[in-house]
Amino acid sequence: MRVLAKTAYLLTTAALMSFGAVHMTSANEELMKMAENPKDWVMQTGDYANTRFSKLNQITKDNVKNLQVKWSFSTGVLRGHEGGPLIIGDVMYVHAPFPNTVYALDLNNDGKILWKYEPKQDPNVIGIMCCDTVNRGVAYGDGKIILNQADTTVVALDAKSGKVVWTVKNGDQVDGGKGESGTSAPVVVKDKVIVGISGAEYGVRGHISAYNLSDGKLAWRAYSTGPDAETLIDPEKTTHLGKPVGSDSGTNTWEGEQWKTGGGTTWGWYAYDPKLNLIYYGTGNPSTWNPVQRPGDNRWSMTIMARDADTGMAKWLYQMTPHDEWDYDGVNEMILVDGMDIKGAKRDVLVHFDRNGFAYTMDRANGELLVAKKYDPAVNWATEVNMDPSSDQYGRPQVVAKYSTQANGEDTNSTGICPAALGTKDQQPATYSPKTGLFYVPTNHVCMDYEPYKVSYTAGQPYVGATVSMYPPPGADHMGNFIAWDAAKGEIVWSKPEKFSVWSGALATDGDVVFYGTLEGYIKAVDHDGNELYKFKTPSGIIGNITAYEHGGKQYIAVLSGVGGWAGIGLAGGLLSPENAAAWHGAVDQGREQGDETAVVGTAGLGAVGGYAALADYTTLGGQLTVFGLPD
């Protein structure tokens with residue numbers, strides 16, 4: 001009876017919300033039209049399909065070698081600069097890490113600052129941002145610039161004046177008291193602003209929220225974990241690999257009430273299919289990092305979600321890494337491609353390069369799993385994803401016992417696990433070229449040792465429970481690759497090694513050029529075969545996303561440089577210093593000893609500091625936008 005009552009409640013709620021949707025205005029119609037104009041760059045990922053493809057073609061594989069710096073702009077902020085600028089008409093909108101300054105620059109007047117917005121935030125927020133004080137960019141819709149601040153405040157600014165139109169608190173607190181933070185770029189869909197939440201390393205319960213673009217009022221919120229009424233899951237209609245998920249799937253794979261501090265945060269990128277009216281995104285790791293403390297599959301962490309844009313109701317879900325034992329967040333972008341030829345059939349698909357080292361190709365209407373293959377040969381924690389629909393293991397990765405931190409147990413150091421916790425790819429978005437039908441993917445080529453230990457939960461305090469160290473795979477002399485991927489076959493077409501992880505967002509263009517950036521600070525251009533055509537070293541490491549636009553009849557390429565993010569946290573957070581590394585451990589490890597000075601530094605920053613210590617020999621902190629163009 002309880003299940004029936006709950007189902008009726010969900011269906012009634014969905015019906016009421018759908019009725020209201022009839023009267024909605026559609027800001028996304030404006031955005032879709034604007035995105036068709038290649039002169040502008042109106043969304044962080046270029047379009048709703050997250051392709052990061054530019055139709056501009058003045059810069060070609062033949063003349064890209066002639067690129068030169070046209071102008072630059074300092075953001076006035078150090079730390080990691082992720083995301084990229086928006087270009088709308090004659091104005092460029094540039095953002096920065098904490099304190100999340102936003103600038104409007106006049107492209108007709110040497111980048112003159114038209115307005116500047118600098119929010120006043122509680123500095124305590126800095127201390128609870130696990131992997132640098134990054135921000136992945138602003139969104140645009142209906143004459144407003146939308147900013148997701150570090151303190152979880154979402155702000156709508158008048159695009160012409162910079163004045164605040166509305167603000168809303170996306171988290172429970174804005175002082176870091178519960179460990180919540182905001183790092184993701186919002187996206188405007190129809191008349192709503194879609195935004196996620198960060199903080200799984202603090203036991204934050206993940207959710208995605210939709211706010212009215214007009215006034216900031218909450219339209220709907222879907223949690224990653226919890227009862228059906230809060231996860232917006234219909235136990236009979238929401239499916240997982242074609243089968244109904246059943247009642248309370250977001251609680252019954254957790255022990256007791258652990259789902260309340262279960263993680264599954266939503267700090268990545270969001271895609272939208274206007275024809276299906278579905279939003280796609282991924283959820284992050286479960287809390288804590290110690291898998292022994294949270295038995296079960298821990299749904300719906302580590303999950304690709306497809307939700308109705310108007311109501312938030314889940315249509316289908318797919319959990320990629322049940323009972324995550326390695327911190328393989330599933331937040332990376334979903335790239336939507338129409339009519340992909342898979343085994344002779346045309347399919348409208350979703351392609352996702354997961355942290356766990358597997359690349360997934362799925363039917364985006366119903367969540368059917370079509371392809372799941374490793375996109376780095378070093379991946380060893382699982383042998384494969386079971387693709388037999390008749391098997392009770394269907395869709396599950398087949399874990400290698402040697403690399404199972406659950407099987408090896410607490411206080412045991414599992415060694416040689418590939419990839420490392422930061423994944424074969426983190427949030428740095430790939431690009432898709434409709435000209436070649438290939439995906440161009442920035443990747444990490446990194447392995448780890450992982451030792452889980454028991455921790456307790458306290459609101460606003462780290463809830464990690466693992467000591468991690470990172471290093472290149474055995475026999476490798478590099479930590480990154482830039483690859484071309486065939487998503488229909490699940491095959492690497494070519495792979496270009498890089499000394500460090502490739503942590504920037506890539507860009508493919510109609511000029512047959514693909515751009516990406518490196519942690520040392522190089523912006524690079526390659527052709528469709530991976531041959532390097534151009535490189536230029538910017539003032540700091542690049543973890544931003546490459547952007548293309550046209551102004552005054554000329555094509556430009558823009559990128560933010562400013563080393564940081566997880567891979568660069570040693571530099572950005574000063575953790576290469578033994579004293580600072582020890583202080584970091586003192587704040588995170590709940591009294592656990594980490595060994596000698598070398599171990600303390602090497603395992604700081606959730607394992608990244610030691611792995612990327614050599615980065616300090618190649619770059620330093622910065623915060624600059626650099627714009628490139630062809631000679632006049």
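Residues numbered from 1 in each chain as written. Predicted model: local features only at pLDDT ≥ 70, side-chain atom pairs only at ≥ 80, totals over all residues. Heavy atoms only, no water.

### Section: unusual backbone geometry
Right, so step 1: The omega angle of the peptide bond from F98 to P99 is 15 degrees, so this bond is cis rather than trans.
Right, so step 2: Among the secondary structure elements, P99 is positioned in the loop between β4 (91-95) and β5 (102-106).
Right, so step 3: For the bond from S287 to T288, the omega torsion is 5 degrees, close enough to zero to count as cis.
Right, so step 4: Examined against the element boundaries, T288 turns out to sit in the loop between β18 (278-282) and β19 (303-308).
Right, so step 5: Phi angles above zero are rare outside glycine, and L232 is one such case at about 55 degrees.
Right, so step 6: For L232, a relative accessible area of 9% gives the class buried.
Right, so step 7: Positive phi, normally seen in glycine, also occurs at N298, with a value near 60 degrees.
Right, so step 8: Along the chain, N298 falls in the loop between β18 and β19.
Right, so step 9: On the accessibility criterion, N298 (0% relative accessible area) is buried. (Helix = DSSP H or I, 4+ residues; strand = E, 2+ residues; numbered from the N terminus. Buried < 20%, exposed > 50% of the residue type's maximum accessible area, 1.4 Å probe, protein only.)

### What about the pairing of β19?
Right, so step 1: Of all the six residues making up β19, five are buried; the element is thus mostly covered by neighbouring parts of the structure.
Right, so step 2: As judged from the five bridges shared by β18 and β19, these two strands associate in the antiparallel manner. Across the sheet, residue L278 finds its bridge partner in β19, namely D308.
Right, so step 3: Hairpin geometry of β19 and strand β20 (residues 314-319) is characterised by an intervening segment of five residues between the two adjacent antiparallel strands and by a positive phi of about 85 degrees at G312. (Pairing = 2+ DSSP bridges.)

### Some thoughts on the nonpolar core
Right, so step 1: Grouped together as the largest cluster of nonpolar side chains are 83 residues, with contacts concentrated most on Y93, I146, F515 and I557.
Right, so step 2: Examining the composition of this core, we find that five residues originate from one element, strand β39 (residues 554-561), more than from any other.
Right, so step 3: When sequence neighbours within four positions are dropped, the list of residues in contact with Y93 reads P85, L86, I88, Y103, A104, W115, V138, I145 and A159.
Right, so step 4: Counting 63 residues, the second largest nonpolar core, distinct from the first, contains Y280, W289, W316 and L369. (Core = buried A, V, L, I, M, F, W, Y, C linked by side-chain atoms within 4.5 Å. Contact = heavy atoms within 4.5 Å.)

### Here's the deal with the state of the cysteines
Right, so step 1: The full count for this structure, using the stated rule, is two disulfides.
Right, so step 2: At a sulfur-sulfur separation of 2.3 Å, the disulfide partner of C130 is C131. Taking the sign of the S-S torsion, about -80 degrees here, the bridge from C130 to C131 comes out left-handed.
Right, so step 3: On the accessibility criterion, C130 (28% relative accessible area) is partly exposed. (Disulfide = S-S within 2.5 Å.)

### Remarks on the side chain of E520
Right, so step 1: Here E520 lies in the loop between β35 (514-517) and β36 (522-526).
Right, so step 2: Among the polar contacts listed, one links the side chain of E520 to the side chain of T518, at a separation of 3.0 Å.
Right, so step 3: When neighbours within four sequence positions are excluded, E520 is seen to be in contact with K499, F500, K537, S540, G541, L615, Y618 and T619. (Polar contact = N/O pair within 3.5 Å; in protein donor to acceptor, adjacent residues only side chain to side chain.)

### Description of the sheet that holds strand β23 (residues 358-363)
Right, so step 1: One open sheet holds the four strands; their spatial order is β21-β22-β23-β24, and the pairing between them is antiparallel. Either end of the sheet is taken by a strand with one partner, and the two such strands are β21 (334-342) and β24 (369-374). Pairs of neighbouring strands in the sheet enclose a mean axial angle of 25 degrees, with direction left out of account.
Right, so step 2: Of the strand pairs in this sheet, β23 and β24 are connected by five bridges, and their pairing is antiparallel. Paired with T361 across the bridge in β24 is V371. (Axes fitted to C-alpha atoms, helices over the stretch in contact; angles between N-to-C directions.)

### Points about helix α7 (residues 578-588)
Right, so step 1: For α7, the set of buried residues is A581, W584, H585 and V588. The arc that holds the buried residues of α7, viewed along the axis, is 95 degrees, so those residues lie on one side. Seen from the open side of α7, the exposed residues pointing more than 90 degrees away from its buried face are E579 and G586.
Right, so step 2: The inward-facing, buried residues of α7 abut α8 (597-602). (Arc of directions from axis to C-beta.)

### Focus on the pairing of strand β10 (residues 164-169)
Right, so step 1: Sheet analysis places strand β9 (residues 153-158) next to β10, joined by five bridges and oriented antiparallel. The residue of β10 that forms the bridge with V154 is V168.
Right, so step 2: Following β9, the chain reverses through five residues before pairing antiparallel with β10; G162 in that reversal takes a positive phi of roughly 80 degrees.

### Digging into the side chain of E180
Right, so step 1: The residue E180 is located in the loop between β10 and β11 (187-189) in this model.
Right, so step 2: Look at E180: it is buried, it has no salt bridge, and the nearest opposite charge is K178 at 5.0 Å.
Right, so step 3: Among the polar contacts made by the side chain of E180, one reaches the main-chain amide nitrogen of Q173 at a distance of 3.2 Å.
Right, so step 4: In this structure E180 touches I128, A150, T152, G171, D172, Q173, I197, S198 and V204, once residues within four positions along its chain are discounted. (Lys, Arg positive; Asp, Glu negative; His and termini not counted. Salt bridge = Lys/Arg side-chain N within 4 Å of Asp/Glu carboxyl O.)

Structural measurements only, silent on function.
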